[in-house]
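# Reading the structure
Here are the chains, one letter per residue:
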Amino acid sequence: MRVRFAPSPTGALHIGGIRTAICNYLLARRHNGVFILRIEDTDQNRYVPGAEAYIIESLKWCGLTPDEGPGFGGDYGPYRQSERMDIYREYAEDLIAKGEAYYAFDTPEELEAEREKAKAAGNHAWKYDAVSRETMRNSLTLSEAETRKWIDSGAAYVIRLKVPVGRTVHIRDEIRGDVHFQTEELDDKVMLKADGMPTYHLANVVDDHLMKITHVIRGEEWLPSTAHHVLLYQAFGWEDTMPVFAHLPLILKPDGKGKLSKRDGVRLGIPVFPISWKGETAEDSFTGFREAGFDPRALVNFLALLSWNPGTEQELFSREELIAAFSLDKVGKAGARFDIEKAKWFNQQYLLNSSPAELAALARPFLAEQGFQPDENYLQAVCGLMRERVTLLTDFGAEAAYFFGPVRHFDTASIAKKWNPERKPALEDLGKRLAGHSEWKADSIKALVEAWVESSGVKFGEILPLFRLALAGTMKGPGVFEMMEVLGSATVQERWQFALDHFDQTGII
Ligand code: GLU
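Described below are features of the structure shown in this document. Keep in mind it's a predicted model, so treat the numbers as computed, not measured. (Residues numbered from 1 in each chain as written. Predicted model: local features only at pLDDT ≥ 70, side-chain atom pairs only at ≥ 80, totals over all residues. Heavy atoms only, no water.)

## Some remarks on the site of the ligand
Neighbouring the ligand are the residues Arg 4, Ala 6, Ser 8, Glu 40, Tyr 200, Asn 204, Arg 218 and Trp 222. Side-chain polar atom of Arg 4 to an oxygen atom of the ligand: 2.8 Å apart, as the coordinates give it. Within the side chain of Glu 40, one N or O atom sits 2.6 Å away from a nitrogen atom of the ligand. When the ligand is considered free in solution it has 300 Å² of accessible area, and contact with the protein chains removes 84% of it. (Near = heavy atom within 4 Å. Polar contact = N/O pair within 3.5 Å; in protein donor to acceptor, adjacent residues only side chain to side chain. Areas by Shrake-Rupley, 256 points an atom, 1.4 Å probe, with all protein chains shown as cover.)

Right, here's the structure in full:
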């Protein structure tokens, strides 16, 4: 099996593109096949600098590293279509030689005039096809000598596929079953443009053939193009090596109404791109799943399940399990609703099931963003405490910052409620006991506090919230004694003293 992911570098890669890459990758791995990255950059008008690097970084972040591709090696390169230009012209000419394509000299203005004429006559869907080609200026209506003259004069021309008349094109799609198109529905698509560049159709089919692609797995929006692709395989005489096609269903908006677009991301404040993209304008800049605090393993698991139903209740799949279980026959035809809450659930599960070391590695960049560079052992200890409490990796910066630096924010309303100035002498005494305690372990600290509670007359239930507020500034967080153990004796003493000095002032800190 040889599969390819063939994005066009026209901007940030939408999450649907990543889903396509995932399906290709999983199938390649499952069948000991090859996963290829091909950059389809023949449309210079839509080329966006930086987009290719973005695509590669996104794939790497998701752990979908290609076996062949630009910068990845492989025997079928170059893998950037812009570096294969000579090949396409040769194949376009070959189609002409075979009588399967023709030169067309019509100018854009002439084509527009035809369209207008048809519109005036009530036909809004004029196309260049078996009927209209008879009246246009092309190598089918001109004599051979005239055609030569036009070409030699330097006139602009395109090469069009001569779609045969009266045929049914049969596409065998692994997800959709048999799909048929009548050739009357199809236009004589341009294969080579006036500037000598191939169109998507020609370059895509020629490359799939030359790169020995066995399975074409791509988004549903390419299904109509497949009719032309099948005709091209036939025109070249490549039917025997025609790949298997599979068109993945659309990813729908969270409300299920229509295709998920990048605008939905902005509108709903949710990521729809794998990693952040900085376009030229603010409207063209988007936050990615990575920057929103997602673990790439969770994103891949979530996206794999968007249209694929494993047939069991299982939702969490390791990479190996996905590879073993994924198959096209369990991919549904219906569009899959994009549910960000579900994506977050996956993320939470992955963080929860991570070892402290894994979690530390994931959290570190988010802490660095806040200026924190914690010691590895310390960070792992914090991760051990926080992993049940985080959904996104950004939660570390937002909810665990007090482990890495002074408390920045105090919940003053709770302090006002829990603080009783009359207790201050007793609490100072507790502080001294803590300072003198040498066995700095959660259980042992707890035992000390419990013993102190017995003798002091202050209730355990009064002390706990004050510890929380003093140490973390908030009532939320992991167990108080575990938190104390991790923070260490010196920090606990310091924060406790700070609380005693400041909690009875109004408008604390
Ligand atoms: N270049 C096309 C894209 O941008 C490739 C579609 C295909 O896989 O054939 O998605």
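## Some thoughts on the packing of helix 12 (residues 356–369) against helix 13 (residues 376–386)
Running from N to C, helix 12 and helix 13 point in directions that differ by 105°, and their axes come no closer than 9 Å. Between helix 12 and helix 13, the interaxial angle falls into the category roughly perpendicular. Facing Pro 356, Ala 357, Leu 359, Ala 360, Arg 364 and Leu 367 of helix 12, the residues of helix 13 in contact are Glu 376, Leu 379, Gln 380, Cys 383 and Gly 384. Classifying every residue of the contact of helix 12 with helix 13 gives seven nonpolar, two polar and two charged. (Axes fitted to C-alpha atoms, helices over the stretch in contact; angles between N-to-C directions. Helix = DSSP H or I, 4+ residues; strand = E, 2+ residues; numbered from the N terminus. Parallel < 35°, antiparallel > 145°, perpendicular 65-115°, else oblique. Contact = heavy atoms within 4.5 Å. Nonpolar A, V, L, I, M, F, W, Y, C, P; charged D, E, K, R; others polar.)

## A few points about the nonpolar core
Among the nonpolar cores identified, the biggest contains 59 residues, and Phe 289 and Phe 338 are the most heavily contacted of them. Counting residues per element, the ones that place at least two in this core are strand 1 (2–5), helix 1 (15–30), strand 2 (34–37), helix 2 (51–61), strand 9 (244–248), helix 9 (296–304), helix 10 (319–325) and helix 11 (340–352). If you tally residues by element for this core, the top one is helix 1, at nine residues. Once residues lying within four places of it in the same chain are set aside, the contact partners of Phe 338 are Ile 15, Ile 251, Leu 252, Lys 253, Pro 254, Leu 260, Ile 270, Pro 271, Val 272, Phe 289, Phe 302 and Leu 306. Among the nonpolar cores identified, the runner-up in size contains 54 residues, and Leu 367, Met 386, Leu 427 and Leu 434 belong to it. (Core = buried A, V, L, I, M, F, W, Y, C linked by side-chain atoms within 4.5 Å. Buried < 20%, exposed > 50% of the residue type's maximum accessible area, 1.4 Å probe, protein only.)

## Quick look at the pattern of salt bridges
Any two side chains of opposite charge can pair, on the condition that their charged atoms come close. Applying the stated criterion across every chain yields a total of 37 salt bridges. Note that Glu 57 is salt-bridged to Arg 290, the shortest N-O span being 2.9 Å. Of the two residues, Glu 57 sits in helix 2 while Arg 290 sits in the loop between helix 8 (262–268) and helix 9, which places them 233 residues apart along the sequence. The exposure class of Glu 57 is partly exposed, given its relative accessible area of 37%. A salt bridge links Arg 176 to Glu 220; the shortest N-O distance between them is 3.4 Å. You can see Arg 176 sitting in the loop between strand 5 (168–173) and strand 6 (177–182) and its partner Glu 220 sitting in the loop between strand 8 (215–219) and helix 7 (223–236), a full 44 residues away along the chain. We classify Arg 176 as buried; its relative accessible area is 17%. Assessed through its relative accessible area of 24%, Glu 220 is described here as partly exposed. Connected via shared salt-bridge partners are Arg 4, Arg 38, Glu 40, Arg 84, Asp 207 and Asp 208. (Salt bridge = Lys/Arg side-chain N within 4 Å of Asp/Glu carboxyl O.)

## As for the side chain of Asp 41
Position of Asp 41 relative to the elements: it lies in the loop between strand 2 and helix 2. Arg 80 provides the closest opposite charge to the buried, unpaired Asp 41, separated from it by 5.1 Å. (Lys, Arg positive; Asp, Glu negative; His and termini not counted.)

## Here's the deal with the environment of Leu 299
Assignment of secondary structure puts Leu 299 in helix 9. Taking the C-alpha atoms as reference points, Leu 299 and Phe 289, separated by ten residues in sequence, lie 7.8 Å from one another. The residues contacting Leu 299, other than those within four sequence positions of it, are Ile 15, Trp 61, Cys 62 and Phe 289.

## Here we look at unusual backbone geometry
Going from Gly 77 to Pro 78, the amide bond is cis rather than trans, its omega being -5°. Tracing the sequence through the fold places Pro 78 in the loop between helix 2 and helix 3 (85–97). Its identity is not glycine, yet Asn 32 carries a phi of approximately 50°, on the positive side. Residue Asn 32 is classed as exposed on the basis of its relative accessible area, which comes to 74%. The backbone of Lys 212 shows a phi angle near 55°, a positive value even though the residue is not glycine. You can see Lys 212 is positioned in the loop between helix 6 (200–210) and strand 8.

## Re the pairing of strand 5
On strand 5, burial follows the alternation: Val 169, Ile 171 and Asp 173 on one face are buried, whereas Thr 168, His 170 and Arg 172 on the facing-out side are not. Pairing of strand 5 with strand 6 involves six bridges; the strand directions are antiparallel. Across the sheet, Ile 171 pairs through a bridge with Val 179, a residue of strand 6. The hairpin turn running from strand 5 into strand 6, its antiparallel successor, is three residues long. (Pairing = 2+ DSSP bridges.)

## What about the pairing of strand 9?
Within strand 9, four of the five residues are buried, which leaves it mostly tucked inside the rest of the structure. Judged from the five bridges that link them, strand 8 and strand 9 form a sheet pairing that is parallel. Within strand 9, the residue paired with Arg 218 across the bridge is His 247. Taken together, strand 8, helix 7 and strand 9 constitute a β-α-β crossover, and its handedness is right-handed. (Right-handed = clockwise from strand over helix to strand, strands pointing away.)

## A closer look at the sheet that holds strand 7 (residues 190–192)
The strands making up a sheet associate through backbone hydrogen bonding, with each pair oriented either parallel or antiparallel. The strand order across the open sheet formed by three strands is 3-4-7, and the pairing between neighbours is antiparallel. Each having just a single partner strand, strand 3 (101–104) and strand 7 make up the two edges of the open sheet. Averaged over neighbouring strand pairs, the angle between their axes works out to 40° when direction is ignored. As judged from the two bridges shared by strand 4 (residues 158–161) and strand 7, these two strands associate in the antiparallel manner. In the sheet register, Ile 159 faces strand 7, and the bridge partner there is Leu 192. Packed onto the sheet, helix 3 meets strand 3, strand 4 and strand 7 and runs at close to 105° relative to strand 3.

Function cannot be read off these values alone, since they describe shape.
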